[in-house]
Amino acid sequence: DELISQIAAGEVVERPASVVRELVDNALDAGASHISVRLAAGGVRLISIEDDGAGIPPEELPIALKRHATSKIANLLELESVGTMGFRGEALAAINSIAETTLLSRSGAQPNAYFLDGRTGELRPGARGIGTTVEVKELFFSVPARRKFLKTDATELAHCIESVRRHALARPDVAFTIWHDGKLIEQWRSHPGPDGLAQRLGDVLGEDFLAGSVAVDHQYGAVRVTGRAGVPDISRSRPDQQFAYVNGRFVRDKVITHAARSAYEDVLHGQRQPVYALYVSVEPARVDVNVHPTKIEVRFRDSREVHQAVRHAVENALAAPRA
Ligand code: ADP
Ligand code: MG
């Protein structure tokens with residue numbers, strides 16, 4: 001089982017940022033309103049993610065580290081319409097097989113927290129408020145061939161930050177902080193309410209993006225597209241940054257990317273480096289999120305409809321007077 005987990009880890013965990021993604025997914029699934037990410041040496045030495053979510057009862061702590069242990073899906077039919085980020089029950093087991101992993105968690109029903117050492121299996125009482133802290137140390141310590149492929153700490157750190165940015169743009173209502181080697185790097189406070197997304201976009205992508213972008217809001221058939229798209233002057237002066245979400249999940253999707261690019265080319269005649277954050281909502285049954293182990297790819301039942309929806313949404317936004 002250890003070997004199978006290590007193989008699964010190869011698919012799920014490529015670098016520290018993959019661990020960050022999985023752990024932040026879990027914290028969001030647990031209903032956290034504040035997630036704190038602490039990293040050392042680009043995340044290779046340490047990734048510690050603390051949340052104020054529901055926590056894990058002590059009897060479930062050892063199970064959480066087992067393969068195919070998920071509390072999020074009751075049967076295979078539910079795979080059709082998963083609303084949570086995780087659902088395969090593989091991430092923690094995979095991470096535990098390639099790094100020193102510990103859990104410290106307290107659920108609302110418990111008077112104190114419990115600590116689990118993923119390597120020895122030791123479970124003992126610990127101290128913290130309601131929520132969970134997952135610590136992952138010395139990534140790939142037992143898989144030197146993988147560790148060799150890691151880049152410099154600075155590069156790995158940049159990937160970790162990017163991973164948290166993707167989450168932060170999906171959940172303006174959740175506060176995030178990122179620490180690296182003891183220094184506070186990013187702090188995005190919670191923005192609940194209808195203007196939350198714009199505020200979070202300003203925090204994460206900069207006030208200049210907010211000022212230099214237009215609101216996107218378009219319904220096409222069963223597809224709704226919202227977000228903001230950068231206008232040409234801003235797009236030209238910034239690094240290439242495209243954020244696309246499907247039902248709240250960050251995705252890399254050719255249909256969305258192509259549709260957005262086409263819209264920029266139509267309206268702006270050759271705009272090459274669009275900057276945007278687009279949020280596509282479709283009925284869960286019309287999109288398959290179980291295509292890729294990291295859930296970063298999706299398959300639409302009607303990709304033509306999604307393409308049209310995104311293209312029209314961005315075209316309309318760019319063609320309209322600035323708002
Ligand atoms: P999945 O997210 O696919 O269910 P994981 O391996 O990521 O699988 O996590 C296994 C289980 O551990 C989850 O289903 C959940 O019950 C529990 N868990 C993990 N992280 C947290 C967390 N931060 N807060 C509460 N429960 C958690
Ligand atoms: Mg998970």
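Each remark here, short or long, concerns the structure printed above.
What comes next is a walk through the structure. Think of each chain on its own: its residues are numbered from 1, step by step along the sequence as written. Numbering of ligands from 1 and lettering of chains from A proceed in the order in which they are written. Whole-chain, interface and lining totals are the exception, using all residues; otherwise, since this is a predicted model, local features are given only for residues with pLDDT of at least 70 and side-chain atom pairs are given and counted only at 80 or more. Side-chain metrics rest on all non-hydrogen atoms present in the structure, leaving aside hydrogens and water.

## A few points about the nonpolar core
For the record, the criterion: Residue types Ala, Val, Leu, Ile, Met, Phe, Trp, Tyr and Cys, when buried and joined through side-chain atoms within 4.5 Å, form a set referred to as a nonpolar core. Accessibility here uses a 1.4 Å probe with only protein chains present; expressed as a share of the type maximum, an area under 20% marks a residue as buried, one over 50% as exposed, and anything in between as partly exposed. Think of it this way: any DSSP run of H or I at least four residues long counts as a helix, any run of E at least two long counts as a strand, and we number them from the N terminus. Domain start and stop positions are those given by an automatic or database domain assignment. Contacts are residue-level and defined by heavy atoms, with any inter-residue pair within 4.5 Å sufficient.
Residues Leu-23, Ile-35 and Phe-176 are the most contacted members of the largest nonpolar core, which totals 55 residues. With seven residues, helix H2 (residues 16-29) is the largest single contributor of residues to this core. Both domain 1 (2-188) and domain 2 (206-319) contribute no fewer than three residues apiece to this core. Leaving out residues up to four positions away in the same chain, Phe-176 has contacts with Val-24, Leu-28, His-34, Ile-35, Val-164, His-167, Ala-168, Arg-171, Glu-186, Gln-187, Trp-188 and Arg-200. Counting residues in hydrophobic clusters, the runner-up holds 30 residues, among them Ala-263, Leu-278, Val-282 and Phe-300.

## So, the layout of surface pockets
Sizing a probe to match a water molecule and rolling it over the atoms shows the empty space that remains. Here is the rule: Computed over the protein atoms alone on a 1 Å grid, cavities are sets of points where a 1.4 Å probe fits but cannot get out and pockets are open sets with protein on both sides within 12 Å along at least five of seven lines; a residue lines them when it has an atom within 4 Å of a point. Grid points are joined across faces, edges and corners, and a volume is the space filled by probe spheres set on the points.
Here the second largest pocket defines a volume of roughly 530 Å³. Looking at the second largest pocket, it is lined by 25 residues, and the ones nearest its centre are Arg-21, Ser-163, Arg-166, Arg-252 and Ile-296. Mapped by element, the contributors of at least two residues to the lining of the second largest pocket are helix H1 (2-12), H2, helix H6 (153-170) and strand E12 (249-250). Broken down by element, the residue count for the lining of the second largest pocket peaks at six residues, all from H6. Three or more residues apiece are contributed to the lining of the second largest pocket by two domains, here domain 1 (2-188) and domain 2 (206-319).

## Quick look at the pattern of salt bridges
The following threshold applies: Basic side-chain nitrogens of Lys or Arg form a salt bridge, by our definition, when they fall within 4 Å of a carboxyl oxygen of Asp or Glu.
Enumeration over the complete set of coordinates arrives at 14 salt bridges. With a closest N to O distance of 3.0 Å, Glu-156 and Arg-15 form a salt bridge. With Glu-156 in helix H6 and Arg-15 in the loop between H1 and H2, the pair connects residues that are 141 residues apart, well separated along the chain. Here Glu-156 and Arg-15 have matching classes, each one buried.

## Overview of helix H10 (residues 254-268)
Threshold: For a helix, the expected span equals 1.5 Å multiplied by the residue count minus one. Contacts described as polar in this section are N or O atom pairs within 3.5 Å, which, within protein, must combine one atom able to donate a hydrogen with one able to accept it, while residues neighboring in sequence count only if both atoms come from side chains.
With 15 residues, H10 should cover 21 Å at 1.5 Å per step; its first-to-last C-alpha distance of 20 Å lies within 8% of that length. Within H10, the full set of buried residues consists of Val-255, Ile-256, Ala-259, Ala-260, Ser-262, Ala-263 and Tyr-264. You can read the cap of H10 off the contacts: a side-chain oxygen lies 3.2 Å from the backbone nitrogen of Val-255, and it is on Asp-253. Positive backbone phi, approximately 55°, marks His-269, located one or two places after H10.

## Details of the packing of aromatic side chains
Short version of the rule: Two rings belonging to Phe, Tyr or Trp (six-membered ring only in the last case) form a pair when the distance between their centres is within 6.5 Å. Interplanar angles under 30 degrees mark stacking, angles over 60 mark edge-to-face geometry, and anything in between is tilted.
In the structure shown here, the tally under the stated rule is four aromatic pairs. Measuring from centroid to centroid gives 6.4 Å for Phe-243 and Phe-250, while their planes differ by 70°, and the two rings are edge-to-face. Just as Phe-243 is buried, Phe-250 falls in that class too. Measuring from ring centre to ring centre gives 5.6 Å for Tyr-245 and Phe-250, while their planes differ by 80°; the resulting arrangement is edge-to-face. Among the residues examined, Tyr-245 registers a relative accessible area of 1% and is labelled buried.

## Thoughts on the sheet that holds strand E6 (residues 131-137)
Worth spelling out the cut-off: Two strands pair under a simple rule: DSSP has to find at least two bridges between them. Here the axes come from fitting lines to C-alpha atoms, over the contacting stretch only for helices, and the angles between their N-to-C directions go from 0 to 180 degrees.
Pairing is mixed across the open sheet formed by eight strands, whose spatial order is E5-E4-E3-E6-E2-E1-E7-E8. Looking at strand neighbours, the two that pair on one side only are strand E5 (123-126) and strand E8 (183-188), the edges of this open sheet. Taking each pair of neighbouring strands and ignoring which way they run, the sheet shows an average axis angle of 15°. Bridge analysis of strand E3 (residues 100-106) against E6 gives seven bridges, and the strand direction is antiparallel. Bridge assignment links Arg-106 to a residue of E6, and that residue is Gly-131. Contacts from H6 reach strand E1 (34-40), strand E7 (175-180) and E8, with the element oriented near 175° to E7.

Geometry only, nothing functional implied.
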